[in-house]
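Now for the letters of each chain:
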Amino acid sequence: MPISIEQLEKMITENRSHTVLGNTAQYIPALAKQDPNLLGISIMCPNGSLLNAGDSQVSFTLQSISKILSFISVCQEYGLEYVLEKVDVEPTGESFNSIIPFEIHRPGKPFNPLINAGAITVSSMLPGTTTDEKYEQFTSFLQKLIGAPLAIDEEVYQSEWRTAHRNRALAYYLKESNLLELDVEDALDIYIRQCSIKISLQDLAKIGLIIAYNGYDPIENKQLFDKEIARIAKVLMVTCGMYNASGKFAAYVGVPAKSGVSGGILASVPPKWLPETHELQPGYGIAVYSPAIDASGNSAAGTMLLKQLSKVFDFSIF
């Protein structure tokens, strides 16, 4: 069954009330000021068509969505084996910014690149010798995916830098364990820079489409990163992408996804064979934005919207 704008707008209306189940990220002052009632979605189809509904003409910062993108970028540059020497691919069962795993497993490496410790480690590995060079490399990689330049939200960057006490502590643990390829302040700088990059729903949906097609851009007919890297990235998104709610999200939505505390969710729906109809369901890239996040750090209304969407259109990969 093809997706229609009318269906999406109806789902937006039905799920907008779920914004009351969350709050904007209060611990980052610039994010706390976002309008909690916003809810928008963009779906990118493999033929290049876009379906937009709700508050879809908004831009927001990547936050933790950037973690899966920096992981892909570094793996593409240096290879999976090199990156996995410093970060693992296991769920933690702890909060995304927890220090507990270091206390228990020291001097072990971070459990995965989607917790803050793993993401800071990966950010320090971005190509380049300075934070400026690393940032430019990362944004060049993103521009290759979406075909347009991206910029930092300076207010969000400054707000996060001033409140990065837990991340700074994590970075010192990482430095003590010889996992960082930069000094602590520089590693923290590049990590916060990548989190503070502004993006539109449409551009994020395009990235989701490329991940869904294993690094291949079906619109431009180009392989943009390695298939094996995309496969590992999708596994990480399923097992770790929605913080401590990843298991429930996999059970009820069933697609690779990565959320951020700004309220964005990146989802990739891989193409799959439908034996009951003897047809191939195309893959999609989906981006959702609603800044009221729940206790796990995921967009409350955005998660409910994706749950309904997956059920109606049978998106689940399980």
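So, here's what we can say about the structure. (Residues numbered from 1 in each chain as written. Predicted model: local features only at pLDDT ≥ 70, side-chain atom pairs only at ≥ 80, totals over all residues. Heavy atoms only, no water.)

Thoughts on the packing of aromatic side chains
This is how it is decided: Paired rings are identified among Phe, Tyr and Trp, the last through its six-membered ring, by centres lying within 6.5 Å, and are further divided according to the angle between planes into stacked (under 30 degrees), edge-to-face (over 60) and tilted (the rest). Under the DSSP-based scheme used, a helix requires at least four consecutive residues in state H or I and a strand at least two consecutive residues in state E, with every element numbered from the N terminus. Working definition: with a 1.4 Å probe on protein chains only, accessible area under 20% of the residue-type maximum means buried, over 50% means exposed, and in between means partly exposed.
Within the structure shown, the criterion is met by six aromatic pairs. Both rings, one in Phe 60 and one in Tyr 289, keep their centres 4.6 Å apart while their planes meet at 10°; by these two values the pair is stacked. A residue pair is termed long-range when its members are at least 10 positions apart, and Phe 60 in strand 3 (residues 59-61) and Tyr 289 in strand 11 (residues 284-289) qualify at 229 residues. Like Phe 60, the residue Tyr 289 is buried in the burial classification. Ring centres 5.4 Å apart and planes at 55° place the aromatic pair Tyr 78 and Tyr 82 in the tilted group. Taking relative accessible area as the criterion, Tyr 78 reaches 39% and is therefore assigned partly exposed. Chaining the aromatic ring pairs together yields one cluster made of Tyr 284, Phe 313 and Phe 315.

Some remarks on the packing of helix 3 (residues 65-78) against helix 12 (residues 227-240)
Any two packed helices are characterised by the angle at which their axes cross and by the distance between the axes. Note the cut-off: Note on method: axes are straight lines fitted to C-alpha atoms, helices fitted across the in-contact stretch only, with angles between N-to-C directions ranging 0 to 180 degrees. Here is the rule for angles: anything less than 35 degrees is roughly parallel, anything more than 145 is roughly antiparallel, 65 through 115 is roughly perpendicular, and the remaining ranges are oblique. Put simply, a crossing is left-handed when the front helix is turned counterclockwise from the back one by less than a right angle, and right-handed when it is turned clockwise. The contact criterion used is simple: two residues touch if any of their non-hydrogen atoms lie within 4.5 Å.
Taken N-terminus to C-terminus, the directions of helix 3 and helix 12 make an angle of 155°; their axes are 10 Å apart at the nearest point. When the axes of helix 3 and helix 12 are compared, the pair comes out roughly antiparallel. Of the two elements, helix 3 crosses helix 12, and the hand of that crossing is right-handed. Each of Ile 68, Phe 71, Ile 72, Cys 75 and Gln 76 in helix 3 lies in contact with helix 12, whose residues at this interface are Ile 229, Ile 232, Ala 233, Leu 236 and Met 237.

What about the side chain of Asp 217?
Locating Asp 217 in the fold gives a position in strand 5 (residues 216-217). Residues in contact with Asp 217, not counting those within four places in the same chain, are Leu 145, Lys 206, Ile 210, Lys 222 and Leu 224.

Focus on the pattern of salt bridges
For clarity, the cut-off: A pair is scored as a salt bridge if a Lys or Arg side-chain nitrogen falls within 4 Å of a carboxyl oxygen belonging to Asp or Glu.
The final tally for this structure, using the stated rule, is eleven salt bridges. Across the salt bridge formed by Lys 86 and Glu 181, the nearest N and O atoms sit 3.2 Å from each other. Residue Lys 86 is found in the loop between helix 4 (80-84) and helix 5 (100-105), and its partner Glu 181 is found in the loop between helix 9 (165-176) and helix 10 (184-195); the two are separated by 95 residues along the sequence. Using a relative accessible area of 16% as the deciding quantity, one classes Lys 86 as buried.

A look at the sheet that holds strand 8 (residues 264-269)
Put simply, the rule is: When DSSP locates at least two bridges between a pair of strands, those strands are taken to pair.
Taking strand neighbours across the sheet as the criterion, the five strands line up as 2-1-11-8-7 in an open arrangement whose pairing is antiparallel. Two strands in the sheet have a free side with no partner beyond their single neighbour: strand 2 (50-54) and strand 7 (257-259). With direction set aside, neighbouring strand axes in the sheet form an average angle of 10°. With five bridges joining them, strand 1 (residues 40-44) and strand 2 adopt antiparallel strand pairing. Along strand 2, the bridge assignment pairs Met 44 with Leu 50. Relative to strand 11, helix 11 (residues 201-212) is tilted by about 145°, and along the sheet it contacts strand 1, strand 2, strand 8 and strand 11.

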